[in-house]
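Per-entry structural report
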Amino acid sequence: IALYFFLALSMESRLKDFIRVMTALSDPNRVKILKMLQNTVMCVCEIKEALGLAQPTVSRHLKVLENASLVGYKKDGLWANYHLTGGDNSPYAANLLGNLRHWLQDDPEIEELVDRLPTINREEVCKK
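So, here's what we can say about the structure. If you're wondering where the values come from, they're calculated on a predicted model, not measured in any experiment.

What counts, and where the lines are drawn
- Residues numbered from 1 in each chain as written.
- Predicted model: local features only at pLDDT ≥ 70, side-chain atom pairs only at ≥ 80, totals over all residues.
- Heavy atoms only, no water.
- Helix = DSSP H or I, 4+ residues; strand = E, 2+ residues; numbered from the N terminus.
- Buried < 20%, exposed > 50% of the residue type's maximum accessible area, 1.4 Å probe, protein only.
- Contact = heavy atoms within 4.5 Å.
- Areas by Shrake-Rupley, 256 points an atom, 1.4 Å probe, with all protein chains shown as cover.
- Core = buried A, V, L, I, M, F, W, Y, C linked by side-chain atoms within 4.5 Å.
- Phe/Tyr/Trp six-rings, centres within 6.5 Å; stacked < 30°, edge-to-face > 60°.
- Lys NZ or Arg CZ within 6 Å of the ring centre and 35° of its normal.
- Axes fitted to C-alpha atoms, helices over the stretch in contact; angles between N-to-C directions.
- Parallel < 35°, antiparallel > 145°, perpendicular 65-115°, else oblique.
- Left-handed = near helix turned anticlockwise from the far one by under 90°.
- Nonpolar A, V, L, I, M, F, W, Y, C, P; charged D, E, K, R; others polar.
- Patch = residues over 30% accessible without salt bridge, like charges linked within 9 Å, V, L, I, M, F, W, Y side chains within 5 Å.
- Salt bridge = Lys/Arg side-chain N within 4 Å of Asp/Glu carboxyl O.
- Lys, Arg positive; Asp, Glu negative; His and termini not counted.
- Charge placed at Lys NZ, Arg CZ, Asp CG, Glu CD.

Some remarks on the overall build of the protein chain
- Per the secondary structure count, the protein chain includes seven helices and two strands.
- Reading the secondary structure of the protein chain in the N-to-C direction produces α-α-α-α-β-β-α-α-α.
- Taken over 128 residues, the protein chain has a buried fraction of 36%.
- A fraction of 61% describes how many contacts in the protein chain between residues 6 or more apart in sequence connect residues 24 or more apart.
- Of the roughly 8,100 Å² of accessible surface on the protein chain, 56% is carried by carbon and sulfur atoms.

Listed below in C-alpha cells is the structure:
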C-alpha cells in the first residue's frame, strides 16, 4: 500500500509539473520573455520596456515562469537579473527550453523583439 501511495503521488506530482510548464507557455508574452532571455540576462524594467507592459504584469509573468522552473533570478545589488534555468528541477522544463532555442527563430515578431534588445539601456529605462 505504501508503494502504491508513493507511485500515485509521484504521478500526480509529475502531472502537476507538466501542467505548470505548459501553462507557462500558454501566454505569448511569456514565450517572448523566454526568447529574450535566450539572448541576454534582463531585469524587470528591461523586459517591461521591450514588451510595453506594466511592471506588475511583467512580474506576474516572471513568477509563472519561475514556478515552472523555466527562469530564475540572481540579485545584484538593487537589480534582480532574470535568466533561463537549465530546467534542472523539471524534465519538462529542460526539454522545452532545449527545443525552444530552435523554435520561432524566423518569426518576424520575435526577430524584431530580439533585434531591439541591444538598444534597451538598463540605466535609462529603470529610472523612468
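Some thoughts on the nonpolar core
- Counting residues in hydrophobic clusters, the biggest one holds 28 residues, and the most contacted among them are Ile33, Leu34, Met36, Ile47 and Leu70.
- Listed by contribution, the elements that provide at least two residues to this core are α1 (2-24), α2 (28-37), α3 (44-51), α4 (55-67), β2 (79-84) and α5 (91-100).
- Apart from the residues within four sequence positions on either side, Ile33 is in contact with Ile47, Leu51, His61, Leu62 and Leu65.

A look at the packing of aromatic side chains
- Within this structure, the stated rule accounts for two aromatic pairs.
- Note on Phe18 and Tyr92: the rings are 5.3 Å apart at their centroids and 80° apart in plane angle, and the pair reads as edge-to-face. Of the two residues, Phe18 is situated in helix α1 and Tyr92 in helix α5; the sequence distance between them amounts to 74 residues.
- Overall, Tyr92 belongs to the partly exposed group, its relative accessible area being 27%.
- Measuring from centroid to centroid gives 5.4 Å for Tyr73 and Tyr82, while their planes differ by 40°, and the two rings are tilted.
- Cation over ring: Arg122 sits above Trp79, and NZ or CZ is 4.5 Å from the ring centre.

Considering the packing of α2 against helix α6 (residues 108-116)
- α6 packs onto α2 with a crossing angle of 50° between their chain directions and a minimal axis gap of 10 Å. It follows from the interaxial angle that α2 and α6 lie oblique. Crossing hand, α2 versus α6: right-handed. The residues of α6 that touch α2, namely those facing Lys32, Lys35 and Met36, are Glu109, Ile110, Leu113 and Val114.
- Taken together, the residues of the contact of α2 with α6 break down into four nonpolar, no polar and three charged.

A word on a negative patch on the surface
- A cluster of like negative charges, contributed by Asp106, Glu111, Glu112 and Asp115, occupies part of the molecular surface.
- Along the polypeptide, Glu112 turns up in helix α6.

The quantities given are spatial measurements derived from coordinates; they are silent on function.
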